[in-house]
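Structural characterization, general
Listed here are the chains, written in short residue letters.
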Amino acid sequence: MFTGIVEELGEIVRTTDTGGDSALVAVRGPLVTSDARHGDSIAVNGVCLTVVDVDGGVFTADVMGETLRRTALGALRPGDPVNLERAAALNSRLGGHLVQGHVDGVGELLSREPAAQWETVRFRLPAGLSRYVVEKGSITVDGISLTVAGVGDDWFSVGLIPTTLKLTTLGARGVGDPVNLEVDVLAKYVERLLGDRAAAGDR
């Protein structure tokens, strides 16, 4: 479990095809690897990956084909920056919101509107996700916990403060770039519970 508060802007070192529709990804992140061990979880652009090895500030992780297909990790190349966050400890503050690191879909950056102290950024929502996104609710974009400023049938917008623009990948993202999206898991649980209740009523 994560909180969507990016700890470090890391960098893809290499991606090695390991056959069988999978890859081994090496990521540079001196902060997140400072106490990392084999088996630990680190979110890379919002995708929960399991540490296989740590060497000199670089960790490696196996990425299955399913993950490559359902996220934007497959488009990353050596040198690309990535948002990194270690798994949350039970005694830590919840600065963002509950983030699983399980990407629900890949969105697309549609537009950027700079203002004096912030920037409004709009993203395309994949089909089927809009019902989980509400104004003033939470959403995770490339591992960043953000508050929804506006939402439509196939889009949502957020306001980015200077810190987010400077310390995460969203500061350099351009129109057309893909982003990993994770909706608030609480919304999915509520939908399932209400659906089960409705089904029970029908019986």
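Just so it is clear, the structure is predicted and the values come from calculations on it, not from any experiment. (Residues numbered from 1 in each chain as written. Predicted model: local features only at pLDDT ≥ 70, side-chain atom pairs only at ≥ 80, totals over all residues. Heavy atoms only, no water.)

1. A closer look at the packing of aromatic side chains
The geometry of an aromatic ring pair is captured by the separation of the ring centres together with the interplanar angle, meaning the angle of the planes. Using the criterion set out here, one finds 1 aromatic pair in the structure. Seen from their ring centres, phenylalanine 123 and phenylalanine 156 are 5.3 Å apart, and the 25° between their planes marks the pair as stacked. Linking phenylalanine 123 in strand S8 (residues 119-124) with phenylalanine 156 in strand S11 (residues 155-160), this pair joins segments that are 33 residues apart in sequence. The class of phenylalanine 156 is buried, set by a relative accessible area of 0%. A cation sits over an aromatic face here: arginine 122 above tryptophan 155, 3.7 Å from the ring centre. (Phe/Tyr/Trp six-rings, centres within 6.5 Å; stacked < 30°, edge-to-face > 60°. Helix = DSSP H or I, 4+ residues; strand = E, 2+ residues; numbered from the N terminus. Buried < 20%, exposed > 50% of the residue type's maximum accessible area, 1.4 Å probe, protein only. Lys NZ or Arg CZ within 6 Å of the ring centre and 35° of its normal.)

2. Here's the deal with the pattern of salt bridges
If you walk through the whole model with that rule in mind, you get 11 salt bridges. A salt bridge links glutamate 7 to arginine 86; its shortest N-O distance comes to 2.6 Å. Of this pair, glutamate 7 sits in the segment before strand S1 (8-17) while arginine 86 sits in strand S6 (residues 81-86), and the two are 79 residues apart along the sequence. The partly exposed category is assigned to glutamate 7, whose relative accessible area is 32%. Taking the shortest distance from any N to any O, the salt bridge between glutamate 66 and arginine 70 comes out at 3.7 Å. In this pair, glutamate 66 and arginine 70 both sit in helix H1 (residues 65-70), 4 residues apart, roughly one turn of the helix. Under the relative-accessibility criterion, glutamate 66 is labelled partly exposed at 38%. Accessibility expressed as a relative area gives 44% for arginine 70, which makes it partly exposed. Overlapping salt bridges, with partners in common, bring together Asp21, Glu66, Arg69 and Arg70 in one network. (Salt bridge = Lys/Arg side-chain N within 4 Å of Asp/Glu carboxyl O.)

3. Quick notes on the sheet that holds strand S2 (residues 23-28)
Spatially, S1-S2-S5-S4-S3-S6 is the arrangement adopted by the 6 strands of the closed barrel, whose pairing is antiparallel. Looking at each pair of strands side by side, their axes are set apart by 45° on average, direction ignored. With 6 bridges connecting them, S1 and S2 associate as antiparallel partners. Its bridge partner being in S2, threonine 15 is matched across the sheet by valine 25. (Pairing = 2+ DSSP bridges. Axes fitted to C-alpha atoms, helices over the stretch in contact; angles between N-to-C directions.)

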